[in-house]
Structures are given as structure tokens and as C-alpha cells.
Amino acid sequence: MCYAIPGRIEAIEGNRVIVDYFGEKKEAINELEGLKIGDYIYAQGGYVIEKVPSDYALSVLDLWKESFFNLQKLDMSLSASSISKDGVDRRLISILDRLIYGGTVNRQDIAYILEVSDEKSLDYIYKTANFLRQKHLKNSCCVHGIIEITNHCSCGCAYCGISSMNQGLKRYRMSVEEAVKIATDAIDRYGFKALVLQSGEPADKDEFIEYCEAIIQGIRAHKPVFLCISFGEIGLRGLERLYKAGARGMLMRFETSNEGLYSRLHPNKTLASRLEHIRYATELGYLVFTGALIGLPGQTLDDIVEDIFLVRELNAEMYSFGPFIPHRASTLSDANLPDSDMVLKVLAALRFVDYENARILVTTAFETLDPEARKKGLLAGANSVMLNITPLEYRRLYDIYPDRAWREAGIEEQIDKTIALLQSLGRAPTDLGVR
Ligand code: SAH
């Protein structure tokens with residue numbers, strides 16, 4: 001993320017610390033030695049990243065003080081609870097009222113929500129999700145950077161443009177030095193404190209793990225930063241090695257919770273193996289970002305309901321759900337695009353199943369489907385965005401789906417537009433650690 005706000009350590013309990021931000025308390029995991037109550041730190045993705053000198057922290061806090069409270073006020077007014085119920089479906093009102101008063105939703109409720117299609121009821125769903133986000137998590141928004149280090153891939157996923165089936169695609173792999181330089185520039189010049197490193201799935205896992213270890217160690221040796229890996233199934237030993245090297249997050253969608261559909265779309269792969277990676281990463285201590293594709297050919301509404309409950313069960317730190325966008329070079333090139341409201345309903349439904357904790361991402365795929373997606377998503381329960389900081393010549397080749405949003409946008413442009421949007425919505429680009 002850009003522009004983090006330093007927090008003050010209020011309490012330390014084992015490897016957990018309570019951090020104060022202008023009176024708001026958040027919890028984060030700490031691995032730094034010698035941290036004391038009263039120290040100022042940057043936390044990111046639920047982790048303490050680094051200690052900051054008190055005088056520096058106080059000067060940054062002074063700068064933020066006024067805007068922090070102004071942003072909160074604006075957010076509160078935009079997410080006010082006085083949402084009109086005029087013309088809204090009655091059963092929907094009773095389901096969502098339950099959530100407002102601290103209750104829960106079950107599979108039937110979520111299936112019902114996903115079937116809503118009249119304007120007034122849709123509006124009521126989104127506004128309620130936004131209200132719950134504000135009520136429980138206030139206005140903080142995670143802003144991560146993503147670097148696509150190579151588009152080589154050994155998988156044949158039916159929907160994906162960088163699958164090994166796409167033989168016409170030029171392949172690239174950054175050198176270790178190049179990847180480290182891109183990451184450290186993002187940290188030094190733009191203030192990113194959380195980066196995702198992504199790639200296709202490697203054929204030679206050992207060699208790839210060595211390459212990634214060198215990148216992760218190179219970045220961490222330069223500056224403390226929250227590093228999240230997204231390389232697909234690199235094996236359980238691979239996950240262990242990269243955790244040791246310093247990675248603390250793992251982004252891996254399970255893509256669909258329907259085993260049969262999963263097998264049809266992923267030749268020679270099983271959902272069980274993918275889930276084993278996700279669960280083992282959590283056991284190792286990684287914060288897991290996961291989710292599914294929306295609108296896959298053959299996917300039913302019930303499948304999507306299961307996807308929503310599966311992320312919840314996986315205890316994910318961040319939920320990443322985005323629309324499937326057909327790629328010309330794939331066997332699914334003729335498939336239909338999902339509609340924007342279905343994606344928004346899923347984001348809202350994720351908020352409904354985990355209103356107290358969920359960090360919900362507005363994905364680039366959603367922004368590709370709908371140019372207004374980022375704003376709409378943030379107003380329908382989401383509270384996280386990712387900026388693509390892969391250099392343009394590589395970004396064009398990381399062609400998972402066509403015409404990706406932001407495909408030609410430089411980092412400054414993305415940061416400026418993101419900050420402007422967040423400010424217009426009363427959100428602070430802070431990732432304070434919520435668990
Ligand atoms: N090798 C990594 C990263 C894969 S690409 C892994 O296996 O997790 C990152 C994500 O892009 C995938 O998880 C998939 O959900 C998404 N993706 C791929 N093709 C897509 C498409 N056509 N439309 C939308 N999202 C797509």
C-alpha cells in the first residue's frame with residue numbers, strides 16, 4: 001500500500017500486538033525482536049512490518065490527523081444506516097435486518113440474495129453491505145501492489161490466457177535482480193508496504209523455488225515489507241521454503257468449489273490438491289488470500305454459494321472473487337461474460353457471511369468487466385484494491401484475460417487515481433491489520 005499510517009503499540013500478548021490508530025485498536029502479528037509498548041510501527045496485511053522512530057511517526061500522524069477524521073466522517077455519511085426500504089423485497093429485508101442486528105446468514109439466504117434482480121432490492125443489498133463494512137471495519141482500505149515475475153506456466157487451465165495451451169504467447173521471466181529492483185523501487189519511491197509476487201505455475205519446482213527464494217531474500221534484505229506469493233501449486237515443501245525465505249502471504253484461489261467442474265477446467269489437477277496447499281499455507285503461518293471465479297461455463301448459482309462458504313471456512317485473510325473473462329486463445333473463447341450485478345452481489349454476500357473481518361478485493365478482472373467496478377465494489381462491501389506494478393512490456397504479456405483494466409497505466413497514474421477515488425469515498429489507504 002501507499003501512505004501507511006504509523007500506529008502505537010498499546011499491548012503485547014505473545015506474538016500479537018494491539019495497535020492504536022487515533023483511538024482505534026487493531027490487532028497484528030509481530031515478529032520483530034524487542035518491540036515495546038509505546039513504540040510506533042507500520043503494520044501491513046495484519047503483520048508488523050517495521051518500527052518507526054517516534055518523532056517521525058508523530059510528524060506523519062500530525063499530517064494525517066485531520067484528514068483521517070474527515071475521511072471517517074465522509075465514509076460514515078456515505079454508508080448511513082437510513083437506507084430506504086421502499087419497494088424492496090420483504091424477505092430480503094428480513095434477511096439483511098438479521099445481519100444488521102448481529103445475526104448470521106445461511107446458504108439459502110445467500111442463494112436468495114444472489115437471485116435478486118430488481119433495482120431497488122439490488123441497491124438495498126449493496127448499501128447494507130457497505131453499511132456493515134463501515135460499522136465493523138471503518139474506513140481502512142488495503143492497497144497492495146502486484147508484480148508478475150514470469151508468464152511461463154505448465155498448467156492447462158481452460159479459461160486462462162497464459163496456460164501452456166496458448167502457444168502463440170511470447171514468454172518472459174524477470175531476472176532475480178530485475179524483480180528485486182522493481183519491488184524495491186515500489187517500496188522506496190512509492191511507499192508500498194505489501195507486495196504480491198505472481199507467476200504461472202512452474203514446471204521445474206525446485207529450480208523455481210530457488211529463483212523465488214533469491215527474489216524474496218533480496219527484497220527483504222533491502223526493506224521490511226509484507227510479501228505475498230502467488231505461484232500456484234509449488235508443493236508443500238516449496239511453501240515451507242518460501243515462508244522461511246520471508247514470504248508471509250499466499251494468494252491462491254481455489255477457482256471453484258465444485259470438484260467436477262474443477263477437474264473439467266484444470267487438466268491433470270484436483271481441487272483436493274489445491275485446497276491442501278491453501279490449508280497447509282495457513283498452518284505454516286501464511287495469511288491466505290483466496291477465492292473463486294464468477295461466471296465459469298457450467299457453474300451454477302449453488303456452486304457460487306458454496307464458493308462463498310468455502311472461503312469463509314478456509315479462514316482467509318482476504319477474499320478475491322472476480323468475473324471469468326473469456327480469452328480468445330482458450331477453449332472457452334465463446335463463453336458469456338457474467339453481469340456486473342452478479343459480481344457485486346457476490347462481493348456483498350462475502351461481506352454478509354463475514355461482516356466483522358472480511359477484507360474483500362475489487363479485482364482487476366471486475367474493473368475490466370465494468371469501468372465503474374472499483375467504486376461500485378467499494379460501495380458494496382469491498383475494502384481492498386491491488387495496483388499492478390509490473391513494467392508495461394511484461395504486463396502486456398501476462399495475458400490471463402484480454403484487455404485488462406490498467407494495462408497501460410503507469411504506477412503514478414494508478415496511485416493518483418486510487419487515492420483520489422478513496423478520498424472521494426472517505427476511505428483511508430491504510431491496511432491496519434484487522435485480526
Ligand atoms: N499460477 C497462479 C496464478 C494464476 S493467474 C495460481 O495458480 O494461482 C491468477 C488468477 O487469474 C487465477 O487464479 C485465475 O482465477 C485468474 N484468471 C485466469 N484466467 C482468467 C480469466 N480468463 N478471467 C478472469 N480471471 C482469470
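For the structure itself, consult the block above.
Residues numbered from 1 in each chain as written. Predicted model: local features only at pLDDT ≥ 70, side-chain atom pairs only at ≥ 80, totals over all residues. Heavy atoms only, no water.

Novice: Could you give me a rundown of helix α9 (residues 271-284), with the residues and numbers involved?
Specialist: Taking 1.5 Å per residue, 14 residues should reach 20 Å; α9 reaches 20 Å between its end C-alpha atoms and fits that length. Turning to α9, its buried residues number three or more, namely Leu271, Arg274, Leu275, His277, Ile278, Tyr280 and Ala281. On the buried face of α9, the contacting elements are α7 (236-245), β9 (249-251), α8 (259-265), β10 (287-290) and α10 (301-313). Once α9 finishes, Gly285 follows within two positions and takes phi at roughly 110 degrees, a positive value. (Helix = DSSP H or I, 4+ residues; strand = E, 2+ residues; numbered from the N terminus. Expected span 1.5 Å × (residues − 1). Buried < 20%, exposed > 50% of the residue type's maximum accessible area, 1.4 Å probe, protein only. Contact = heavy atoms within 4.5 Å.)

Novice: Could you give an account of the pairing of strand β5 (residues 47-52), with specific residues and numbers?
Specialist: Most of β5 sits out of view: five of its six residues are buried. Bridge count between strand β4 (residues 40-44) and β5: five bridges; the pairing is antiparallel. Looking at the pairing, Ile41 lines up with Lys51 of β5. Taking the residues between adjacent antiparallel strands as the criterion, β4 and β5 are bridged by two residues, where Gly45 takes a positive phi near 60 degrees. (Pairing = 2+ DSSP bridges.)

Novice: Could you give me a rundown of the packing of aromatic side chains, with the residues and numbers involved?
Specialist: On inspection of all chains with the given rule, the structure shows nine aromatic pairs. Measuring from ring centre to ring centre gives 5.2 Å for Tyr243 and Tyr286, while their planes differ by 75 degrees; the resulting arrangement is edge-to-face. Of this pair, Tyr243 sits in helix α7 while Tyr286 sits in the loop between α9 and β10, and the two are 43 residues apart along the sequence. Each member of the pair, Tyr243 together with Tyr286, is buried. Within the aromatic cluster, the residues linked to one another by ring pairs are Phe22, Phe68 and Phe69. The ring of Tyr243 carries the charged tip of Arg248 above its face, separated from the ring centre by 3.7 Å. (Phe/Tyr/Trp six-rings, centres within 6.5 Å; stacked < 30°, edge-to-face > 60°. Lys NZ or Arg CZ within 6 Å of the ring centre and 35° of its normal.)

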